[in-house]
There are 2 protein chains.
Amino acid sequence: MKKIQQTFAVPFRYEVLFTEGIFEPNNPCFADVIEANPHGQSPKILFVIDEGVVQFHPQLVSNIEHYAAHYSDRFRLVKHIITVPGGEAAKNDPDLVKTILEAVEQERIDRHSYVAAIGGGAVLDLVGFAASVAHRGVRLIRIPTTVLSQNDSGIGVKNGINYFGKKNFLGAFDPPYAVINDAHFLLTLDDRDWRAGIAEAIKVALIKDASFFELLERDAAAVASRSLPPMQEQIFRCAELHAAHIRGGDPFEKGSSRPLDFGHWAAHKLEQMTSFRLRHGEAVAIGIALDVIYSHLDGRISEEDTMRVIRLIDTLGFPLFVPELKAHLNEPGHPYSVLGGLEEFREHLGGVLTIMLLDRIGHGVEVHEMNPDLITRSILHLEELAAGSKNKVPALSRAD
Amino acid sequence: MKKIQQTFAVPFRYEVLFTEGIFEPNNPCFADVIEANPHGQSPKILFVIDEGVVQFHPQLVSNIEHYAAHYSDRFRLVKHIITVPGGEAAKNDPDLVKTILEAVEQERIDRHSYVAAIGGGAVLDLVGFAASVAHRGVRLIRIPTTVLSQNDSGIGVKNGINYFGKKNFLGAFDPPYAVINDAHFLLTLDDRDWRAGIAEAIKVALIKDASFFELLERDAAAVASRSLPPMQEQIFRCAELHAAHIRGGDPFEKGSSRPLDFGHWAAHKLEQMTSFRLRHGEAVAIGIALDVIYSHLDGRISEEDTMRVIRLIDTLGFPLFVPELKAHLNEPGHPYSVLGGLEEFREHLGGVLTIMLLDRIGHGVEVHEMNPDLITRSILHLEELAAGSKNKVPALSRAD
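Residues numbered from 1 in each chain as written. Chains lettered and ligands numbered in written order. Predicted model: local features only at pLDDT ≥ 70, side-chain atom pairs only at ≥ 80, totals over all residues. Heavy atoms only, no water.

Caption draft 1: Focus on the pairing of strand β7 (residues 166–170) of chain A. Residue and element names in this part refer to chain A. With two bridges connecting them, strand β6 (residues 161–163) and β7 associate as antiparallel partners. Bridge pairing in β7 places Y163 opposite K166. In sequence, β6 turns back onto β7 through a hairpin of two residues, with F164 there showing a positive phi of about 50°. (Pairing = 2+ DSSP bridges. Helix = DSSP H or I, 4+ residues; strand = E, 2+ residues; numbered from the N terminus.)

As C-alpha cells, this is what we get:
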C-alpha cells in the first residue's frame, strides 16, 4: 500500500505584556503590538468589550477613540465597537458569536487585521472563538480585566463557548496574537472577582512550585484587603508558570493528561449545578480544597500541608463549601450529584480519566481513578471544616 | 515593562494512505489507523457520508456495518450514521454543522473518539469544521471520494463552510488524524467530477514540477477516456507535492503568500458568479488558463508553453470559458465582475495581495498587483481560444 507520511510543526509566538493605563496616550504598549504594514494602510482593529468593564470604566470607549486618534498612523479603529454581556452569559448565547462575525464581515476584518477583546475570561473565550473561526482565524489581542483572566485563561491557547448546556462544548486551540494585562482594571473588580482568580494561582503553586505557595500564604491577608502590588506579583508569577507549562507540555492537549486542571473536575460540575451562582474561581477553590483533602485521605499529602491549603483558601475569603456538593451522593448517575463530574471531565478530556492529586505542596501526581466513597468522606470533612470558624478549624484525621 | 515571551511549536503527524476497497473485511487499512485503547473499550466512530456517494454505492452503509462487526475489537460504530448533501450545498447550510454537533453530543464522541467523513471536498470541509470545533477538536478521518479531494483538499489542513454568502468565511486550520484514499470511489464519478480534480494537479505541476506536467500531458487522452491507473498515479504525485508544500511552508498560512492558490482568485469569484454551476475544479481550470495567458501577456511564460497549458486543459475536456468571465469588466466594483475577485481574494488572505504567475512551466513567481486592462485582454484571448476547435486553436500573440 502506498502512503505519504505527513509531519510538520507549526510555530507559535506571542508576548504577554504587563502595563498600567493601557489607553493613556503616552503609553505606546498597545500601539507597539500592532505589526507595521509597509505596503499600505495601517491595519484595522475591531474592539469587543465586556459590558461589565464599560460599566465600571464609562470613559473606556472614548479613551480608546482618543488613543486611536493619537496613533492613527499605527492602526485604524473600525466603526463598530461591540459590547457583550460579561460572565458566563457571554458563553451561553451563540448569537453573540454571530454578532461578532457580522462585524468582522461588515468591517472587512481580514487575517492581517485585529480583533481586540477587553474583558473577563468568559468574554475573552467568546471573542477568541469567533476570531478563531472567522476566515480560519483573524488576529486576536486579549486584554484581560480580571485576576483570573490575567493570570490564567487569558494567557493560554484555548477559547470556547457553551453549547447543548455543556461547558466549552464548542471551541478551538488557537494562541492569541498578543496579551496585554493592565493592572488598573483590577481596581474596579468586586471582591468576589478580585478573589476568584487567586484560585488558579493556588492551583498552579500546589502542583508546581512550593515557593510560590509560600508567597501566596505570606501575602494572603494583604491581598484579601485589596492591596494591589502583591496581587500584581502573584499574577505575574502565576502567568509565568502557566505559560511555561503550555510551552513545555502538550499545548493543544492531544493526550489525556491535563495537570493544570487540578481541582477542576468538581469545579466544572459545581458551576453547572449552581447554575453559575458560583464563579469559576470560587468553584475551583472548593474543587482544590476537596482534592487536597482527598489526597490526604488517600494517604498522600500530610495533614499539616492539607490544613495550610485550607487555611489559605479560607484566609482569602473563599467559601469552602456549598450545599450542592453534598446533594445526591448516594444516587450514582444523578445529574445533580457532583460525582457525575468525574465522567463528564473524562468525556471532555477524552480518553482515559486522568486526575491530578497532591503528594506534597508543590508536587502533583496523576491518577486514573477516584474512589467515590473517599470523595464522599472528603466532602463531609470539607463541610465540617467550613462550619468551623477561621481560627478554629476542626482537625482532620484519616481515622474517622 | 514586564513581559513574558511565549514561544512553542505544535507537532502534527498524519498519514495519507492509498487503498482499494476500504470496507472489504480483508482490508485492514481502516481498522489499522484507529489507535488501540489499552485502558478500556475500543474507541467510537461516527460516520458522516456524502449523499451522492451513498447514491452510487448503495451498499456502503451496510458494508461499513459489516466491516465494523468484523473489527469490533478495534472500534465501535455509533448508532447514528449521518448523510449530508454533497457539493457546495454541504457548505452553504450551517444547520448541517449543528446536525453533526448534535450527533457528537448525543453519541458522546470525545477527543479520543473519531469522526469519519466520506465524500467530496465540500463534505470533508463541512465535517472537518464540525470536528474541529466540537470539544476543541475530535479526531477526523477523511475518506475523500473525488479526484479533487484525493489529490488536494482532502490531504491538507483546512476546513470551512460558507457564511454571509462568502466562501469559507468560517473555518479552521486543523490537520486530520488520517486520510484514506480509496481509488474505487473514483469509478462512479461522473465525467465532470472525474475531470475537475485534475485542475489542481495541473496547478501544482505548473508552479512546482515540470516533469509532472509532462506526465499530465502524456496521459491526458487516457485519463480523459477514464483510464484508472494513470489517474491513480496522478493523484499520488499531486498529493505528494501538495503534502510536501504544506510541510515545507507555512501550514497555517500566517503570511500573505499562498502559492497553491495559483489560478484561484478568478476561480473563487467564478464559482460565486455562476452560483456554483461551475464546479471548483472547472473554475480552477479556467482560472489557470486566464493566469497563464496573463503571465504570457505580462512578458513571462512563452507562447509555446502557454499553448501547451491551454491544450492540456482542452484535451482533458474542461471548458475554457464561461460568459460570466466577460461580464461587467468595464464597471469597477460591480459585484458580478470577475475583477472584484482580486480584492475578495486579498481580503480572504488578508494583508497584501499576493498572486502567483508563471515564468515557465514548473516555476511560479509571486506578484503583488495585476493590471485590470491586461486581465481584460487575457479574458478576450481566452474567449477566442475557447471558440476555436481543439485542433485549430487560434494563435496567441502579445502584439494584438
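Caption draft 2: Spotlight on the domain arrangement of chain A. Residue and element names in this part refer to chain A. Split by domain assignment, chain A resolves into domain 1 (15–188) and domain 2 (192–387). For domain 1 versus domain 2, the distance between C-alpha centres works out to 28 Å. Taking both sides of the interface into account, the surface hidden between domain 1 and domain 2 amounts to around 2,200 Å²; carbon and sulfur atoms contribute 69%. Linking domain 1 with domain 2 are three salt bridges, by the criterion used here. Among the salt bridges present, the one from K167 reaches E271, with a minimum N-O distance of 3.5 Å. Taken together, the connections running from domain 1 to domain 2 amount to seven residue pairs in polar contact (both at pLDDT 80 or more). For the side of domain 1 that touches domain 2, the elements supplying multiple residues, two or more each, are α7 (147–151) and β7. Of all the elements, α7 adds the most residues to the side of domain 1 that touches domain 2, at four residues. When grouped by side-chain class, the residues that make up the side of domain 1 that touches domain 2 number ten nonpolar, five polar and six charged. (Domains from an automatic or database assignment. Buried area = accessible area lost by both parts, 1.4 Å probe. Salt bridge = Lys/Arg side-chain N within 4 Å of Asp/Glu carboxyl O. Polar contact = N/O pair within 3.5 Å; in protein donor to acceptor, adjacent residues only side chain to side chain. Nonpolar A, V, L, I, M, F, W, Y, C, P; charged D, E, K, R; others polar.)

Caption draft 3: Examining the relation of the copies chain B and chain A more closely. When chain B is fitted to chain A, the best match, at an RMSD of 0.0 Å, comes from turning it 180° and sliding it 0.0 Å along the axis. Taken together, the rotation angle and the small translation identify this as a two-fold axis. Both copies contact each other with a shared surface, as 100% of the interface residues of chain B are interface residues in chain A too. (Least-squares fit on C-alpha atoms with pLDDT ≥ 70 in both. Contact = heavy atoms within 4.5 Å.)

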